[in-house]
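Chain by chain, the residues run as shown.
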Amino acid sequence: MKTKFLQNRHLFTIGPWLLAILSIIVNPTSGTAQLQTGERDKPLETSDVVAMKHAGIGESVIVAAVKYAPVERLDSSPEALASLRAAGLGDAPISAIVERVQSHQKTTAPPPTVHARTATDVKLFFVEKPTQPFKELGRISVSKYGTLGRSKKREAIDEDLKNQAIGLGGDAVINITEDFASISGVVVRFE
C-alpha cells in the first residue's frame, strides 16, 4: 500500500517503510505498533531509500533503516548505486546498502572443504573427474595379487588405494588405470 502526499507542490509516493519510519519519528508508540501489525513483512527496497531521500529524511535515519530493516530487497549493482547517487544520496546510505547486500553474500558462501580423515572418506574416480578444484599429491599403485599369487577382491584393492591416499593426505584418487598386475591412480587433495 503506497500513500501519496503533497509537499511544496510536489506529489510524493511513500512506501510502507517510509510511513513506518516517519510514524516512529513522530510518535514512537504508534510507529512500533504499526511495524508489529504487518508492515515489517514488506521488504525495504532501493526505491524506498530514494523515496526517503526525496521526502527529506536525514541520511542518518536512512542508514539506520537500511541497517536494521528486518527484511530487505536492496540492489547494489553499479546501475542501482549510480541511480542512488543521482537521487542525491551521500556515501553513508550507499555504503550501508552495499554492506547489507554483502552481508547476505557472506552468509550464502559455500561451506569450507572437508578433507578425508579415514579411508572410507576417500573417493575413487575411475572415469570422471571431481568438479571441485584439487591439487595433485602423487601417483600410487596397488598390486592386484596378494600372498601366494592369489587375486585380491575388488573391495580389497579399493581399500588399499584409499589407505595409500590417506597416507599422502589425499581426499580422492583420480585417473585410475589397470594393467595386468596392478591398479594405479593419482592422489589429489581438494582445495
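What counts and how
- Residues numbered from 1 in each chain as written.
- Predicted model: local features only at pLDDT ≥ 70, side-chain atom pairs only at ≥ 80, totals over all residues.
- Heavy atoms only, no water.
- Phe/Tyr/Trp six-rings, centres within 6.5 Å; stacked < 30°, edge-to-face > 60°.
- Helix = DSSP H or I, 4+ residues; strand = E, 2+ residues; numbered from the N terminus.
- Buried < 20%, exposed > 50% of the residue type's maximum accessible area, 1.4 Å probe, protein only.
- Polar contact = N/O pair within 3.5 Å; in protein donor to acceptor, adjacent residues only side chain to side chain.
- Contact = heavy atoms within 4.5 Å.
- Arc of directions from axis to C-beta.
- Core = buried A, V, L, I, M, F, W, Y, C linked by side-chain atoms within 4.5 Å.
- Pairing = 2+ DSSP bridges.
- Axes fitted to C-alpha atoms, helices over the stretch in contact; angles between N-to-C directions.
- Salt bridge = Lys/Arg side-chain N within 4 Å of Asp/Glu carboxyl O.

**Q** Which parts of the structure should I look at to understand the packing of aromatic side chains?
**A** Given two aromatic rings, their pairing is described by the distance between the two centres and the angle made by the two planes. Applying the stated rule across the entire model yields one aromatic pair. On the basis of an interplanar angle of 45° and a centroid distance of 6.3 Å, the ring pair of Tyr145 and Phe180 is categorised as tilted. Of this pair, Tyr145 sits in the loop between β6 (134-143) and α7 (154-167) while Phe180 sits in the loop between β7 (172-178) and β8 (182-190), and the two are 35 residues apart along the sequence.

**Q** Explain the side chain of Arg100 here, please?
**A** Relative to the elements of secondary structure, Arg100 occurs in helix α6 (residues 91-107). Looking at Arg100, the relative accessible area reads 14%, which means it is buried. From its side chain, Arg100 meets the backbone oxygen of Lys67 in a polar contact 3.2 Å long. For Arg100, the side chain forms a polar contact with the main-chain oxygen of Ala69, separated by 2.7 Å. If sequence neighbours within four positions are ignored, Arg100 has contacts with Val66, Lys67, Tyr68, Ala69, Pro70, Glu72 and Leu74.

**Q** Can you walk me through helix α4 (residues 59-68) in this structure?
**A** Every α-helix winds through 3.6 residues per turn, so residues three or four apart in the chain are directed the same way. Looking at α4, one finds that the buried residues are Ile62, Val63, Ala65 and Val66. For α4, the angular spread of buried residues about the axis comes to 160°, placing them on one side. Turned more than 90 degrees off the buried face of α4, the exposed positions are Ser60 and Tyr68.

**Q** Is there a simple way to think about unusual backbone geometry in this case?
**A** Glycine aside, residues mostly have negative phi, and peptide bonds are mostly found in the trans state. With phi around 60°, Leu148 is a residue other than glycine that occupies positive phi space. For Leu148, the location among the structural elements is in the loop between β6 and α7. Its identity is not glycine, yet Asn175 carries a phi of approximately 50°, on the positive side. Structurally, Asn175 can be placed in strand β7. Judged by its relative accessible area of 29%, Asn175 falls in the partly exposed class.

**Q** What should I look at first to understand the environment of Pro133 in this one?
**A** Here Pro133 shows up in the loop between β5 (123-124) and β6. Considered as a pair, Pro133 and Glu191 are 58 residues apart in the sequence and their alpha carbons are 5.7 Å apart. Filtering out sequence-adjacent residues up to four positions away, Pro133 remains in contact with Phe190 and Glu191.

**Q** What am I meant to see in the nonpolar core here?
**A** Side chains that are nonpolar tend, in soluble globular proteins, to be buried together. Residues Val49, Met52, Val66, Leu74 and Leu84 are the most contacted members of the largest nonpolar core, which totals 18 residues. Contributions of two or more residues to this core are made by α3 (46-54), α4 and α6. Every residue in contact with Val66, bar those within four places of it in the chain, is listed here: Leu44, Val49, Leu74, Ala96, Ile97 and Arg100. Counting 12 residues, the second-largest nonpolar core is a separate cluster that includes Val122, Ile140, Val173 and Ile176.

**Q** Would you explain the sheet that holds β5 in this entry?
**A** Note: strands within a sheet are paired through backbone hydrogen bonds, in either parallel or antiparallel orientation. Strands sit in the order β5-β7-β8-β6 across an open sheet of four strands; the sheet is mixed. Either end of the sheet is taken by a strand with one partner, and the two such strands are β5 and β6. Looking at chain direction, β5 and β7 are connected through two bridges and run parallel. By the bridge assignment, Lys123 is partnered in β7 with Ala172. Against the sheet, α7 touches β5, β6, β7 and β8, its axis set at about 140° to β6.

**Q** Whenever I open this one, the pattern of salt bridges confuses me. Can you help?
**A** Pairs may arise between side chains of opposite charge once their charged atoms sit close together. Under the counting rule described, the total for this entry stands at eight salt bridges. A salt bridge links Glu45 to Arg73, with the shortest nitrogen-to-oxygen separation between them at 2.6 Å. Of the two residues, Glu45 sits in strand β3 (residues 44-45) while Arg73 sits in strand β4 (residues 72-73), which places them 28 residues apart along the sequence. Residue class for Arg73 comes out exposed when judged on its relative accessible area of 52%. Two residues, Lys152 and Asp160, come together in a salt bridge whose shortest N-O distance is 2.7 Å. For Lys152, a relative accessible area of 27% gives the class partly exposed. By relative accessible area, which is 25% here, Asp160 ends up partly exposed. Counted as one network, the salt bridges with shared partners bring together Lys144, Arg154, Asp158 and Glu178.

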